[in-house]
Amino acid sequence: ILETMDAAQKAKLPTVVVRHHQPDPASPVFRKGSDMWQLHAEVEARPRDALIDKQLPGSFTNTPLEQFLKERGIDTVCIAGYMTQICCDTTARQALHLGYQVEFLSDATGTLDVANKAGSVKAEQLHEAILVSQQMFISDVIDTRTWLGRIA
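First things first, this report covers the structure right here in the doc. In this convention, every chain numbers its residues from 1, walking through the sequence in written order. For this predicted model, a pLDDT threshold of at least 70 governs which residues receive local features, and a threshold of 80 or more governs which side-chain atom pairs are given and counted, while totals over whole chains, interfaces and linings are taken from all residues. To get the side-chain values, all heavy atoms of the structure are used, and hydrogens and water are removed first.

**Here we look at the pattern of salt bridges**
Think of a salt bridge as a Lys or Arg side-chain nitrogen and an Asp or Glu carboxyl oxygen that are within 4 Å of each other. All chains considered together, the criterion is met by ten salt bridges. With its nearest N and O atoms 2.9 Å apart, the salt bridge here joins R93 to D89. Of the two residues, R93 and D89 both sit in helix α4 (residues 84-97), four residues apart, roughly one turn of that helix. A simple rule labels every residue: compare its accessible area, found with a 1.4 Å probe on the protein chains alone, to the largest value its type can have, and call it buried under 20%, exposed over 50%, or partly exposed in between. By relative accessible area, D89 is classed as buried at 8%. Segments assigned H or I by DSSP are reported as helices when at least four residues long, segments assigned E as strands when at least two residues long, and all are numbered from the N terminus.

**Points about the sheet that holds strand β7 (residues 140-142)**
Backbone hydrogen bonds hold the strands of a sheet together, and the pairing may be parallel or antiparallel. Read across the open sheet, the three strands follow the order β3-β4-β7; overall the sheet is parallel. Strand pairing shows two members of the sheet lacking a second neighbour, β3 (76-82) and β7, which therefore form its edges. Each adjacent strand pair in this sheet contributes to an overall mean axis angle of 25°, direction not counted. Contacts from α4 reach β3 and β4 (101-110), with the element oriented near 170° to β4. Pairing between two strands requires that DSSP report at least two bridges joining them. Whenever a helix is involved, its axis is fitted only over the stretch in contact; in every case the axis is a line through C-alpha atoms, and angles between N-to-C directions fall within 0 to 180 degrees. By the convention used here, residues are in contact when the closest approach between their heavy atoms is within 4.5 Å.

**Quick look at the packing of α4 against helix α5 (residues 123-138)**
Put simply, α4 and α5 touch, their axes get as near as 11 Å, and they point 5° apart. Considered as vectors, α4 and α5 are oriented roughly parallel to each other. Across from T84, Q85, D89, A92, R93 and L96 in α4, the residues of α5 making contact are L126, H127, I130, S133, Q134, F137 and I138. When residue character is reported, Ala, Val, Leu, Ile, Met, Phe, Trp, Tyr, Cys and Pro are called nonpolar, Asp, Glu, Lys and Arg charged, and the others, Gly included, polar. Partitioned by chemical class, the residues of the contact of α4 with α5 number six nonpolar, five polar and two charged. Each angle gets one of four labels, with under 35 degrees taken as roughly parallel, over 145 as roughly antiparallel, 65 to 115 as roughly perpendicular, and the rest as oblique.

This is the structure in structure tokens:
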């Protein structure tokens, strides 16, 4: 993720950092102002063109992201971040529905093992399943090296 941010800055490509927060002050995760809500220090330290806070998995829902992209004539969205199956997947699907080309970076997205009342899945399996699904119709799933070649 950091490598893509640095490369985008060098190539003068607009970079948007999206941060998830739960507005409920009792939320156990991503509570606005909590440690979990803070950006990773390395991400925080890097230049960006916009920081967008969102409250739902999709980065376009109730945020200024689409306006930001339209104002700059951007037609392609590159997805890097966390978590593959929630925020990254939802944002990629939204971008496609809004008419954007989508690049989904296979090695600059990630997840954790997940277990809940529906079952459990290992991070590697979950990540791969989302990448395969994305490549079927939604995104061009590529690795960072390929993306770096495209923007060079």
